Amino acid sequence: MTALGLPDTIQACLFDLDGVVTKTAVVHAAAWKETFDAFLRGHDGQRPFDAAADYDEYVDGRPRADGVRAFLDSRGIHLPEGTPDDPPDAPTVHGLGNRKNELLLEKIRTQGVEAYDGTLRYLEAVRAHGLRTAIVSSSANCRDVLRSIGAEHFFDVRIDGVVAAERHLPGKPHPDTFLAAAHDLGVEPAAAAVFEDALAGMDAGRAGRFGYVVGVDRVGQTDALYAHGADTVVKDLAELGGKE
């Protein structure tokens, strides 16, 4: 293992955004809960959205529409797809997803965005060691969030919700967005490490046969991260090292 805590065959690092670089996973969970709870009140016998269990299982790390479908399927509820430009009050999959995004942006505006200091230090070390880097996120707000914390310069490549839509890439748990990042960086998947906090991200890392998959456990799900494909799990990337 290198000073970065990675196999010496790794040439590039692919980082998820929410929960790995930024402390926004809890904000996402709150926005999903507010969205789904309001929707479920119109369906008798439905329990509220669980911001821990339901979030981890059905929506964390997935594109918005995929998260809506997965959660509603778990409750036996089916909605029309609608279109990506549906208004946030539309009774469609995309309408619910857009409502969630509206709430998320409002929470970010009022609460701000924080970065994980350990991740920023690790990114500095990765860059200093000459490894290439990419941000891989299902969020369409990825670039704005990176700019808000002054971290855009850390990444050679950005594969986010906007790029995925342009290239018609399926989101996590499919590996396509991570594979696109490795391709754009000019490395084989076996020479790239994935850094993820979401179970769907672990699945994507395993499916893509990446050289190393690091699970970041912010919420006490170490065993689940290993079960979904992590090679190692840390609570903060600072644990991996990175110091000269």
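Presented here is an overview of the structure given in this document. Just so it is clear, the structure is predicted and the values come from calculations on it, not from any experiment.

1. A look at the overall build of the protein
Scanning the protein from terminus to terminus reveals ten helices and six strands. Here the C-alpha radius of gyration of the protein, 18 Å, is about what a compact globule of 244 residues would show, namely 18 Å. Referenced to the eigenvectors of the C-alpha coordinate spread, the extents of the protein come out at roughly 55 × 35 × 30 Å. Going through the 244 residues of the protein one by one, you find that 54% of them count as buried. Carbon together with sulfur atoms contributes 49% to the accessible area of the protein, which is approximately 10,900 Å² in total.

2. Observations concerning the sheet that holds strand E1 (residues 12–15)
Strand pairing within a sheet occurs via backbone hydrogen bonds; the two strands may be parallel or antiparallel. Within the open sheet, the six strands sit side by side as E3-E2-E1-E4-E5-E6. Their pairing is parallel. The open sheet has two edge strands with one neighbour each: strand E3 (157–159) and strand E6 (232–234). Averaged over neighbouring strand pairs, the angle between their axes works out to 20 degrees when direction is ignored. Where E1 meets strand E4 (residues 192–196), four bridges bridge the pair, whose relative direction is parallel. Across the sheet, the residue bridging to Leu14 is Val194, located in E4. Against the sheet, helix H5 (residues 117–128) makes contact with E1, strand E2 (132–136) and E4, and its axis sits at roughly 155 degrees relative to E1, the strand it touches most. Strands E1, E2, E3 and E4 of the sheet are contacted by helix H8 (residues 176–185), whose axis makes an angle of about 150 degrees with E2.

3. What about the packing of helix H1 (residues 25–40) against helix H4 (residues 93–111)?
Packing of H1 against H4 brings their axes to within 9 Å, and their N-to-C directions diverge by 135 degrees. Considering their axes alone, H1 and H4 lie oblique with respect to each other. When you trace H1 past H4, the crossing you get is right-handed. Across the interface between the two elements, Val27, His28, Ala30, Ala31, Trp32, Glu34, Thr35, Phe36 and Phe39 from H1 touch Leu96, Arg99, Lys100, Leu103, Leu104, Lys107 and Gln111 from H4. The residue inventory of the contact of H1 with H4, partitioned by class, reads nine nonpolar, three polar and four charged.

4. Overview of unusual backbone geometry
Going from Lys172 to Pro173, the amide bond is cis rather than trans, its omega being 15 degrees. The backbone phi angle of His168 is positive, close to 60 degrees, even though this residue is not glycine. Inspection of the secondary structure assignment puts His168 in the loop between helix H7 (161–167) and H8. On the basis of relative accessible area, His168 is assigned to the exposed category, the value being 70%. For Arg209, which is not a glycine, the phi torsion comes out positive at approximately 55 degrees. By the element assignment, Arg209 lies in the loop between helix H9 (199–207) and strand E5 (212–216). Given a relative accessible area of 69%, Arg209 falls into the exposed group.

5. A few points about the side chain of Thr35
On the secondary structure map, Thr35 appears in helix H1. Thr35 sits in the buried class, given a relative accessible area of 3%. Among the polar contacts listed, one links the side chain of Thr35 to the backbone oxygen of Ala31, at a separation of 2.8 Å. In this structure, Thr35 is in contact with Leu96, Arg99, Lys100 and Leu103, ignoring residues within four places of it in sequence.

6. As for the pairing of E4
In terms of burial, E4 is largely enclosed, as five of its five residues are buried. Of the two faces of E4, the one lined by Ala192, Val194 and Glu196 and the one lined by Ala193 and Phe195 are each fully buried. Two elements, E4 and E5, share four bridges in a ladder whose sense is parallel. Within E5, the position partnered with Ala193 by the bridge is Tyr212. Of the crossover connections in this fold, the one passing from E4 over H9 to the parallel E5 is right-handed.

7. Re the packing of aromatic side chains
All told, the structure shown has nine aromatic pairs when counted by the stated rule. Relative to Phe155, the ring of Phe15 lies with its centre 6.2 Å away and its plane at 65 degrees, an arrangement referred to as edge-to-face. Of this pair, Phe15 sits in strand E1 while Phe155 sits in the loop between helix H6 (142–148) and E3, placing them 140 residues apart in sequence. You can call Phe15 buried: its relative accessible area is 0%. Overall, Phe155 belongs to the buried group, its relative accessible area being 11%. Put simply, the rings of Trp32, Phe36, Phe49, Tyr58 and Phe71 pair up and form one aromatic cluster. One residue, Arg218, lies across the ring of Tyr116, its end atom 3.4 Å from the ring centre.

Conventions adopted
- Residues numbered from 1 in each chain as written.
- Predicted model: local features only at pLDDT ≥ 70, side-chain atom pairs only at ≥ 80, totals over all residues.
- Heavy atoms only, no water.
- Helix = DSSP H or I, 4+ residues; strand = E, 2+ residues; numbered from the N terminus.
- Rg over C-alpha atoms; globule rule 2.2 N^0.38 Å.
- Buried < 20%, exposed > 50% of the residue type's maximum accessible area, 1.4 Å probe, protein only.
- Areas by Shrake-Rupley, 256 points an atom, 1.4 Å probe, with all protein chains shown as cover.
- Pairing = 2+ DSSP bridges.
- Axes fitted to C-alpha atoms, helices over the stretch in contact; angles between N-to-C directions.
- Contact = heavy atoms within 4.5 Å.
- Parallel < 35°, antiparallel > 145°, perpendicular 65-115°, else oblique.
- Left-handed = near helix turned anticlockwise from the far one by under 90°.
- Nonpolar A, V, L, I, M, F, W, Y, C, P; charged D, E, K, R; others polar.
- Polar contact = N/O pair within 3.5 Å; in protein donor to acceptor, adjacent residues only side chain to side chain.
- Right-handed = clockwise from strand over helix to strand, strands pointing away.
- Phe/Tyr/Trp six-rings, centres within 6.5 Å; stacked < 30°, edge-to-face > 60°.
- Lys NZ or Arg CZ within 6 Å of the ring centre and 35° of its normal.

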